[in-house]
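What the coordinates show
Read off the chains here:
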Amino acid sequence: MAAALQTNIRPVKFPATFRALTKQSAAPFRVRCAVTSPEKKRYNITLLPGDGIGPEVVSIAKNVLQQAGSLEGLEFSFQEMPIGGAALDLVGVPLPEETISSAKESDAVLLGAIGGYKWDNNEKHLRPEKGLLQLRAGLKVFANLRPATLVDASTLKREVAEGVDLMVVRELTGGIYFGEPRGIKTNENGEEVGFNTEVYAAHEIDRIARVAFETARKRRGKLCSVDKANVLEASVLWRKIVTALAAEYPDVELTHMYVDNAAMQLVRDPKQFDTIVTNNIFGDILSDEASMITGSIGMLPSASLSDSGPGLFEPIHGSAPDIAGQDKANPLATILSAAMLLKYGLGEEKAAKRIEEAVLVALNKGFRTGDIYSAGTKLVGCKEMGEEVCKLVDKMMPSTSSIIAGEESVVPPPLASVSGESSLSDMTQTVHFSSGNPRIGETRGVMHLFSDDAVSSSSSSSSNLPIGRNPLVCVLGVPNHMTYADFCQFCGSFIQHILEMRTVRNDGVENRYSILIRFDSQESTDTFYQHFRGKRFNSLEEDVCRLLFTLDVQFTGYSGSIDHTQPSAGPIEQPTCPVCLGKVLTSVCIIQVSIWLSRALESANLDRLDQDTGGILTTMCNHSFHCSCISNWPDSSCPVCRYCQQQPENSVCCVCQTTENLWMCVICGVVGCGRYKGGHARNHWEETEHCYSLELETQRVWDYAGDNYVHRLIQSKTDGKLVELNSHGSLSKDGCGSCEYSDSGLTDALLNSKVDMIISEYNELLQAQLENQKQYFEKLLQNVKEETEQKVSEAASKAISQRLPKLQTKLDRCLKEKQFLEDLNENLVKNKDVWSTKITEMEEREKKLIQAKDEKIQYLEEQLGKLMAQMDGGESEEGSELKEVQEGTVLPISANTSPSGSERVKHASKSKGNRRKG
Ligand SMILES: NC(=O)C1=CN([C@@H]2O[C@H](COP(=O)(O)OP(=O)(O)OC[C@H]3O[C@@H](n4cnc5c(N)ncnc54)[C@H](O)[C@@H]3O)[C@@H](O)[C@H]2O)C=CC1
Ligand SMILES: CC(C)CC(=O)C(=O)O
């Protein structure tokens, strides 16, 4: 390092925030060395992986750093040192001397995280956390910048979280984390007391407040100072000094908020905040809370800076011991911390930008670790996320916008230069489409859409959306089951800004359609884009709105019998909306408009029409409606021709299954065959009074009641214009009717007035018929309801009457059984008493017998004792008696064997000599 210093010393560019931080800041910034060789600039970076997930995320961030650096001509020399639990295990202290020395001597320090269960019960000075606090104090990094900008993983409501871009400026080396006195002692009552001190000197508040004002000035000019001045003296001083400093920053709007309110406001309306300045402990808590506005604590980086010396860069999360070693950690917070290291620590903005943008693109490509995963995205582990970012770092050409600090939003370079190697064609995708009823004719075209990558490489701010976009977007892959009305509803209040929507089929896509949407202004297009991109169509399904800016739409041909290969460029004739009879643009207009748009967007004529008519939706079959009208149409068919994107490939007669000569009831959709097949379509009319039927082959509607076709206008096969049928249709050979058309040269004016007249007649007719049908069906429903109720009640009474006797018998049987059991029970209870008495008597008898026996035994034992005494030669009177007994002249026996009897019966017995012999 010393040798290198002599070669070339380059002062590292500090963020402007750190210039002239304090009025009294006489100490010059430390000039740190970045050695410049002709090819590479070299930096020394101390890596402190720490504990838990720390080593996993730091090793990934190191790779990303190296990758971004090498592309920008930077070379890093990494020195990995222990801290926290790892250091405790290795050398017995949480911050070894070598570690702090290495950190101080390096150009920047990248830390993972410290702490874990293993050391949780260590004494305070031997806890991993102590190591981190010592490091922060040792490096004097008093200003901790913790930005929070949105990614699409917030658990808050989208409208609450969307657009959040705030920066927490946390004081890091003072306050209660370091204040003295602190400790746990025993008080006079012998009780343990824990205590800490929240202490701030005026200069500490002043320097952090300056950082905050500078930061806010470069952002949106709003600073909120968070304290607890209603309770804490340290906060009273804090507020006083911050307020005084505001005079030096008249361009910054300063507000104050109590911390408890701030905690609530952060989740209620986070967008109200731009820059927050607060003390050590409040900043720790509020920035963790802010992280969840963005989706996960695994997303938020931080930079801790001093007014001289190397900065410390670390994710805001801890060591996450619950997921450590499982490849589950989100490495993005550490990767973004590495970007902050480049930007704030080394002044290498380009390399930083590469990393920030690579992270954005990875997220936009759908890569998600478990903590930010949602359905429809790609779940990856820590390593894979790191590898993806590394790959993308390679592709990124830095723009000047920032996702980290959100400051200096600058319009990105033209698309072609967003990526070093990319051209416009790399940034767009070509999609072929068609529309129209295939039975009649198909319009074909091609659209060029800005690919996801073109947008991903920018932030969500509208100034970073692709250059060259216009107020035209395409929603790709809308599921077929979404009706036109559903889609209009999905667009919500944006529908007011929609001029036109056109539904198209994408080649090779069966179950989905796409919608081209033209808006009234670029602003509403961008807002729509930001609001709806990736949004689920509904909460029950996974399908999301794949929304792409549309560069242009080109009309390539028409495959029907009418030659429409070139749309006319003249003003567009306005037919009426078939629903409300108001004027709408023709069905090909969106394609024409798109082409005009891409040329110049100068169509004053169109604007006038649009203002008059509101948004227009053109269905897949090229019929146009006001959005407000089609919003009331309940199914996915066209209200005019009933063409439905979802229709079955081969319709069949619902009775005889024939596929020929089919007619579909326009009232209920039943398909039946014509009279020269089974005549089932007509039968249907007779049964239901549904008198209109659509001939599937020709799309003409037959009126059974009037016995002719409804249409008096048909489309000319030669020029596509509407022409009148010659009077009433006559019966055709196919069985229902036919008509000839005269390819007349009616003037447009005449035609238009007739069209209007016929449509109004048609609508009246239809309305009358629908009313009839409504009544008919209501009656039918009522009948069915009554019949059903009748049947249900009959069935119920029948079932009851059938089951009743059986149930009665069963009940009788059960009652008898119950009676029997009760009798049995009663007898048993009586017997129980008798038996109890007997048992008691027996027990008493038994007791007496035992007593008598015991007395007899006792008496015999006494006698035996006396006998034994006499045998041993006793001289007493009893002794002589005993002697007699011994000699066999007297036998001591009670007359009634009673133990109390004193009579003794003398018996002759065997002599003593005899007994001895015996
Ligand atoms: N700067 C640091 O080194 C910090 C260290 N700690 C220490 O970390 C240890 C654990 O503390 P906790 O309160 O649990 O906070 P934590 O931040 O480690 O974990 C909180 C929750 O967030 C999850 N999480 C954190 N980072 C994640 C990531 N990158 N990807 C996915 N999920 C992630 C964790 O799995 C856990 O469920 C303690 O010993 C604590 O003292 C805590 C905060 C800061
Ligand atoms: C682990 C502590 C020392 C610090 C902390 O929680 C933080 O700064 O996020």
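What counts, and where the lines are drawn
Residues numbered from 1 in each chain as written. Chains lettered and ligands numbered in written order. Predicted model: local features only at pLDDT ≥ 70, side-chain atom pairs only at ≥ 80, totals over all residues. Heavy atoms only, no water. pLDDT = per-residue confidence, 0-100. Contact = heavy atoms within 4.5 Å. Near = heavy atom within 4 Å. Polar contact = N/O pair within 3.5 Å; in protein donor to acceptor, adjacent residues only side chain to side chain. Areas by Shrake-Rupley, 256 points an atom, 1.4 Å probe, with all protein chains shown as cover. Nonpolar A, V, L, I, M, F, W, Y, C, P; charged D, E, K, R; others polar. Pairing = 2+ DSSP bridges. Helix = DSSP H or I, 4+ residues; strand = E, 2+ residues; numbered from the N terminus. Salt bridge = Lys/Arg side-chain N within 4 Å of Asp/Glu carboxyl O. Buried < 20%, exposed > 50% of the residue type's maximum accessible area, 1.4 Å probe, protein only. Phe/Tyr/Trp six-rings, centres within 6.5 Å; stacked < 30°, edge-to-face > 60°. Core = buried A, V, L, I, M, F, W, Y, C linked by side-chain atoms within 4.5 Å.

1. A short note on the confidence of the model for the chain
- This prediction gives the chain a mean pLDDT of 78; 74% of its residues lie at or above 70.
- pLDDT under 50 marks residues 456-463. Its contacts with residues more than four places away, or in other chains, come to 22 contacts.
- In this model, residues 561-574 is a region of pLDDT below 50 whose contacts with residues beyond four sequence positions or in other chains number 34 contacts.
- Scored as a complex, the prediction yields pTM 0.50 and ipTM 0.98.

2. A closer look at the site of ligand 2
- Near ligand 2 the following residues occur: Glu129, Leu133, Arg136, Arg146, Arg170 and Asp284.
- Side-chain polar atom of Arg136 to an oxygen atom of ligand 2: 2.8 Å apart, as the coordinates give it.
- Here ligand 2 loses 77% of its free accessible area of 290 Å² to cover by the protein chains.
- A class-by-class count of the residues in the shell around ligand 2 yields one nonpolar, no polar and five charged.

3. Describing the sheet that holds strand β24 (residues 662-665)
- Taken in spatial order, the five strands of this open sheet run β25-β24-β26-β27-β28, and their pairing is antiparallel. Each edge of the open sheet carries a strand with a single partner, namely β25 (671-673) and β28 (708-709).
- Note that strand β27 (residues 700-703) and β28 share two bridges and pair antiparallel. Note on β28: the bridge partner recorded for Asp703 is Asn708.

4. Comments concerning the site of ligand 1
- Near ligand 1 lie 20 residues; those nearest to it are Glu129, Gly318, Ala320, Asp322 and Asn330.
- Glu129 places a side-chain nitrogen or oxygen 2.4 Å from an oxygen atom of ligand 1.
- Separating an oxygen atom of ligand 1 from a backbone N or O atom of Ser319 is a distance of 3.0 Å.
- Protein chains shield 69% of the accessible area of ligand 1, which is 800 Å² for the free molecule.
- Looking at the shell around ligand 1 residue by residue, the classes come out as nine nonpolar, seven polar and four charged.

5. Quick notes on the pattern of salt bridges
- Using the criterion set out here, one finds 27 salt bridges in the structure.
- For Glu72, the salt bridge is made with Arg354, and the minimal N-O distance between the two is 2.6 Å. Taken together, the residues span a long stretch of sequence, with Glu72 in the loop between α2 (54-71) and β3 (74-80) and Arg354 in helix α12 (residues 349-364) at a distance of 282 residues.
- Arg354 sits in the buried class, given a relative accessible area of 9%.

6. A look at the packing of aromatic side chains
- As enumerated under the stated definition, the model contains 17 aromatic pairs in all.
- With a centroid separation of 6.5 Å and 55° between ring planes, the pair formed by Tyr484 and Tyr513 is classed as tilted. Placement of the pair is Tyr484 in helix α16 (residues 484-491) and Tyr513 in strand β20 (residues 512-519), with a sequence separation of 29 residues.
- We classify Tyr484 as buried; its relative accessible area is 5%.
- The class of Tyr513 is buried, set by a relative accessible area of 3%.
- Between the aromatic rings of Tyr529 and Phe549, the centroid separation amounts to 4.2 Å while the plane-to-plane angle is 25°, which identifies the pairing as stacked. Remark: Phe549 occurs in strand β21 (residues 546-558) and Tyr529 occurs in helix α17 (residues 522-532); sequence separation between them is 20 residues.
- Residue classification places Tyr529 among the buried positions, given a relative accessible area of 1%.

7. What about the nonpolar core?
- Core analysis: the biggest nonpolar cluster contains 90 residues, and Ile45, Phe76, Phe313, Ile335, Leu342, Ile355 and Val389 have the highest contact counts within it.
- Top element by residues in this core is helix α11 (residues 332-345). It accounts for nine residues.
- Listed in part, the 34 residues of the second largest apolar core include Val475, Phe487, Ile517 and Phe532.

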